[in-house]
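Structure assessment
Below, each chain spelled out in residue letters.
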Amino acid sequence: MVDIVFKRTGTVNANGSVPGELTIGTKVWPTIERGGGYTFVRMGEYTLKMDMKATGRKVQCLRFDHAGIRTHLIHDALNDSHTNLEGCIAPGLSSDADGIKQSAEAMKEVWLALGGFTQGTNKTIRVENNITGDETAEAWIRRRQAAGKY
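Residues numbered from 1 in each chain as written. Predicted model: local features only at pLDDT ≥ 70, side-chain atom pairs only at ≥ 80, totals over all residues. Heavy atoms only, no water.

Quick word on the overall build of the protein chain
Each helix and strand counted, the protein chain has two helices and ten strands in total. A globule of 150 residues ought to have a C-alpha radius of gyration of about 15 Å, and the protein chain, at 14 Å, matches this closely. With the C-alpha coordinates aligned to their principal axes, the bounding extent of the protein chain is approximately 40 × 35 × 30 Å. For the protein chain, contacts bridging at least 24 residues in sequence account for 56% of all contacts bridging at least 6. Surface exposure of the protein chain reaches about 7,400 Å², of which carbon and sulfur atoms provide 50%. Measuring between centres, the 19 positive side-chain charges of the protein chain sit 6 Å from its 17 negative side-chain charges. (Helix = DSSP H or I, 4+ residues; strand = E, 2+ residues; numbered from the N terminus. Rg over C-alpha atoms; globule rule 2.2 N^0.38 Å. Contact = heavy atoms within 4.5 Å. Areas by Shrake-Rupley, 256 points an atom, 1.4 Å probe, with all protein chains shown as cover. Lys, Arg positive; Asp, Glu negative; His and termini not counted. Charge placed at Lys NZ, Arg CZ, Asp CG, Glu CD.)

Structure below.
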């Protein structure tokens with residue numbers, strides 16, 4: 001049993017952002033990703049680590065913790081904008097055709113649902129689908145490792 005389930009809606013907003021849903025227990029948050037050809041996490045199961053974002057704004061995040069993918073995060077979107085994400089997933093309290101709203105507040109709820117933020121704590125996530133293609137987590141990680149991108 002995984003701690004978190006993430007699923008994209010299968011649509012793309014007019015502004016290029018990609019909507020989805022993050023589920024912990026019975027609670028569901030709308031999410032947004034950058035889209036527009038930016039990197040994204042592939043379908044499969046992963047370990048996440050509670051951590052601090054290392055670049056840009058120093059905020060609490062969930063870091064995908066596998067050799068080959070440690071720069072993909074779940075964190076709040078600065079100004080609720082998908083353009084402030086690069087391969088990351090951001091939750092919101094609500095969403096519309098432009099993206100998510102109240103991302104920082106939603107991330108606080110995510111931490112509460114996970115029992116609070118404790119640096120270094122591991123959680124698990126299942127990503128149910130891709131933005132495009134059918135590459136699996138395992139194949140994606142192997143490809144990134146072979147390219148020296150980790």
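That covers the picture; the talk isn't over yet.
Observations concerning the packing of aromatic side chains
Within this structure, the stated rule accounts for two aromatic pairs. Aromatic pair Tyr 46 and Phe 64: ring centres 5.1 Å apart, planes at 85°, arrangement edge-to-face. One end of the pair, Tyr 46, is in strand S4 (residues 44–52); the other, Phe 64, is in strand S5 (residues 60–64), and 18 residues separate them in sequence. Residue classification places Phe 64 among the buried residues on the basis of a relative accessible area of 0%. Look at Trp 111 and Phe 117: their rings are 4.9 Å apart centre to centre, the planes differ by 80°, and that puts the pair in the edge-to-face class. Residue classification places Trp 111 among the buried positions, given a relative accessible area of 7%. A cation over an aromatic ring shows up here: Arg 42 above the ring of Phe 40, its NZ or CZ 4.0 Å from the ring centre. (Phe/Tyr/Trp six-rings, centres within 6.5 Å; stacked < 30°, edge-to-face > 60°. Buried < 20%, exposed > 50% of the residue type's maximum accessible area, 1.4 Å probe, protein only. Lys NZ or Arg CZ within 6 Å of the ring centre and 35° of its normal.)

So, the sheet that holds strand S1 (residues 4–8)
Pairing within the open sheet is mixed, and its eight strands lie in the order S6-S5-S4-S10-S1-S2-S3-S7. Sheet topology places strand S6 (73–74) and strand S7 (90–91) at the edges, where each strand pairs with a single neighbour. Sheet analysis places S1 next to strand S2 (residues 18–24), joined by four bridges and oriented antiparallel. Looking at S2, one finds that Val 5 is bridged to Thr 23. (Pairing = 2+ DSSP bridges.)

Some points on unusual backbone geometry
Phi angles above zero are rare outside glycine, and Asn 79 is one such case at about 55°. With respect to the helices, strands and loops of the structure, Asn 79 is situated in the loop between S6 and S7. A positive phi is found at Gln 102, a non-glycine position, where the angle reads about 55°. Here Gln 102 shows up in the loop between strand S9 (99–101) and helix H1 (103–113). Judged by relative accessible area, which is 39%, Gln 102 ranks as partly exposed.

Details of H1
Of the residues making up H1, those classed as buried are Ser 103, Ala 106, Met 107, Val 110 and Trp 111. In a view along the axis of H1, the buried residues occupy a sector of 145°, so they form one face of it. Facing away from the buried surface of H1 by more than 90 degrees, the exposed residues are Lys 108 and Leu 112. Directly after H1, the chain includes Gly 115, whose backbone phi takes a positive value near 90°. (Arc of directions from axis to C-beta.)

Regarding the environment of Ala 113
Along the polypeptide, Ala 113 turns up in helix H1. A relative accessible area of 38% means that Ala 113 is categorised as partly exposed. As a C-alpha pair, Ala 113 and Gly 25 span 88 residues in sequence and 8.0 Å in three-dimensional space. Ala 113 has contacts with Ile 24 and Trp 29, leaving out every residue within four places of it along the chain.

Bear in mind that shape data such as this cannot, by itself, settle questions of function.
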